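Spelled out, the chains give:
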Amino acid sequence: MKIEKNTAVTLRYKVADAKGKLIEAPKDPMVYLHGGYNNTLPKIEEALEGRVAGYQVTLNLQPEDAFGLRDETLVRSIPKSEFPPGVKVGGQLKGRSDDGREHIYNVVKIKGPEVLLDGNHALAGQALQFTVTVISVRAASDEEVAHQHVHGEHGHHH
C-alpha cells in the first residue's frame, strides 16, 4: 500500500544535527496519520507521499522546516517566589505567550531568585537531519480519520 491521505504510517526515525551528530533515535517506532493532520513535520509528509514500506530517506531540514526559528519573546525570567516548591530544571509548565495564548514553557535555568523559562521547542533554530524508514502502511480507520490521529500501539490512546 502506498502512503497517501488517511493512511496510518509506521516508521523509525533518527534525528541528527546538521553535522550528523545523533540527537535522538527512539527505540519504539512512530505511527502517524498521513494527510496534513500536523502529526509529523510537513517536509517529512511530503517526502513520504506515494512511498511504500521499506522506503528510507534522509532529509536535511532548515530550522523553518523543522521546529521553527527561535522566538526570543518566548524566553522569560520569573521570580522563583511565583513558583510552587520543588520547581526543577527540565520541568514544564503552562503559561501564556505575549499574545495571550496558552503555551508550554520549559524550565531551563534557576539562578538565585530567578527562574528562566523558554517556550521554544528544544530544537528550534537548528538545521536538522532526519533519517526515516517506513516500516508499514495501512488504511486508517474511520475513527482515526475523525480524530485526526492514529490509535493503538505507538499511536494515541484515549
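Quantities reported herein were computed from a predicted structural model and do not represent experimental measurements. One numbering rule holds for all chains: residues counted from 1, following each sequence as written. Per-residue local features are limited, in this predicted model, to residues with pLDDT of at least 70; the limit for side-chain atom pairs, both in listing and counting, is 80 or more; totals at the level of whole chains, interfaces and linings are taken over all residues. To get the side-chain values, take all heavy atoms of the structure and skip hydrogens and water.

Overview of the overall build of the protein
Here comes step 1: Helices and strands together make up the secondary structure of the protein, namely two helices and nine strands.
Here comes step 2: Secondary structure elements follow DSSP: runs of H or I no shorter than four residues count as helices, runs of E no shorter than two count as strands, and numbering proceeds from the N terminus. In the protein, the succession of α and β elements from N to C terminus is β-β-β-α-β-β-β-β-β-β-α.
Here comes step 3: If you line up the protein on its principal axes, its C-alpha atoms span 55 × 40 × 30 Å.
Here comes step 4: Residue contacts are counted whenever heavy atoms from the two residues lie within 4.5 Å of one another. Long-range pairs, those at least 24 residues apart, make up 61% of the contacts in the protein with a sequence separation of at least 6.
Here comes step 5: The Shrake-Rupley method, run with a 1.4 Å probe, gives the accessible areas here. Residue values count only the displayed protein chains as cover. Surface accessibility of the protein: about 9700 Å² in total, with carbon and sulfur atoms responsible for 50%.
Here comes step 6: Residues scored as charged are limited to Lys and Arg (positive) and Asp and Glu (negative), so that His and the chain ends carry no count. Charged groups are reduced to one reference atom each: NZ for lysine, CZ for arginine, CG for aspartic acid, CD for glutamic acid. Measuring between centres, the 19 positive side-chain charges of the protein sit 6 Å from its 21 negative side-chain charges.

A closer look at the pattern of salt bridges
Here comes step 1: Throughout this description, the term salt bridge denotes a Lys or Arg side-chain nitrogen within 4 Å of a carboxyl oxygen of Asp or Glu. Within this structure, the stated rule accounts for five salt bridges.
Here comes step 2: A salt bridge links Glu-102 to Lys-94, with the shortest nitrogen-to-oxygen separation between them at 3.8 Å.
Here comes step 3: Put simply, Arg-138 and Glu-144 hold a salt bridge, and the shortest N to O gap is 2.9 Å.
Here comes step 4: Residue classification places Arg-138 among the partly exposed residues on the basis of a relative accessible area of 35%.
Here comes step 5: Here's how the labels work: a residue is buried when its accessible area is under 20% of the maximum for its type, exposed when over 50%, partly exposed in between, all with a 1.4 Å probe on protein chains only. Here Glu-144 falls in the buried class, since its relative accessible area comes to 4%.
Here comes step 6: Members of the salt-bridge network, linked through shared partners, are Arg-70, Glu-72 and Asp-118.

Brief notes about the packing of aromatic side chains
Here comes step 1: Here the aromatic set is Phe, Tyr and Trp, taking the six-membered ring for Trp, and pairing holds for ring centres within 6.5 Å; pairs whose planes are under 30 degrees apart are stacked, those over 60 apart are edge-to-face, and all others are tilted. Applying the stated criterion to the full structure yields one aromatic pair.
Here comes step 2: With a centroid separation of 6.4 Å and an interplanar angle of 45 degrees, the aromatic rings of Phe-67 and Phe-130 are classed as tilted. Here Phe-130 lies in strand S9 (residues 128-139) and Phe-67 lies in the loop between strand S4 (56-61) and strand S5 (75-79), a separation of 63 residues in the sequence.
Here comes step 3: When its relative accessible area of 30% is taken as the criterion, Phe-67 is described as partly exposed.

Details of the nonpolar core
Here comes step 1: Counting residues in hydrophobic clusters, the biggest one holds 20 residues, and the most contacted among them are Ile-3, Leu-11, Tyr-32, Leu-48 and Phe-130.
Here comes step 2: When residues of this core are traced back to their parent elements, those giving at least two are strand S1 (7-17), strand S3 (30-33), helix H1 (42-48), S4 and S9.
Here comes step 3: Sort the elements by how many residues they give to this core and S9 lands first, with five residues.
Here comes step 4: Filtering out sequence-adjacent residues up to four positions away, Leu-11 remains in contact with Pro-29, Met-30, Tyr-32, Leu-48, Val-132, Thr-133, Val-134 and Ile-135. Each nonpolar core is a collection of buried residues, namely Ala, Val, Leu, Ile, Met, Phe, Trp, Tyr and Cys, held together in the definition by side-chain atoms within 4.5 Å.

Observations concerning the pairing of strand S6 (residues 92-96)
Here comes step 1: Across the five residues of S6, zero count as buried, placing the element largely on the outside.
Here comes step 2: Two strands qualify as a pair provided DSSP detects at least 2 bridges between them. Two strands pair when backbone bridges link them, and S6 and strand S7 (residues 102-111) are joined in this way by five bridges, in the antiparallel orientation. Bridged to Gln-92 within S7 is Asn-106.
Here comes step 3: Counting the residues in the hairpin turn of S6 and S7 gives five residues, including Gly-100, whose phi is positive at 90 degrees.

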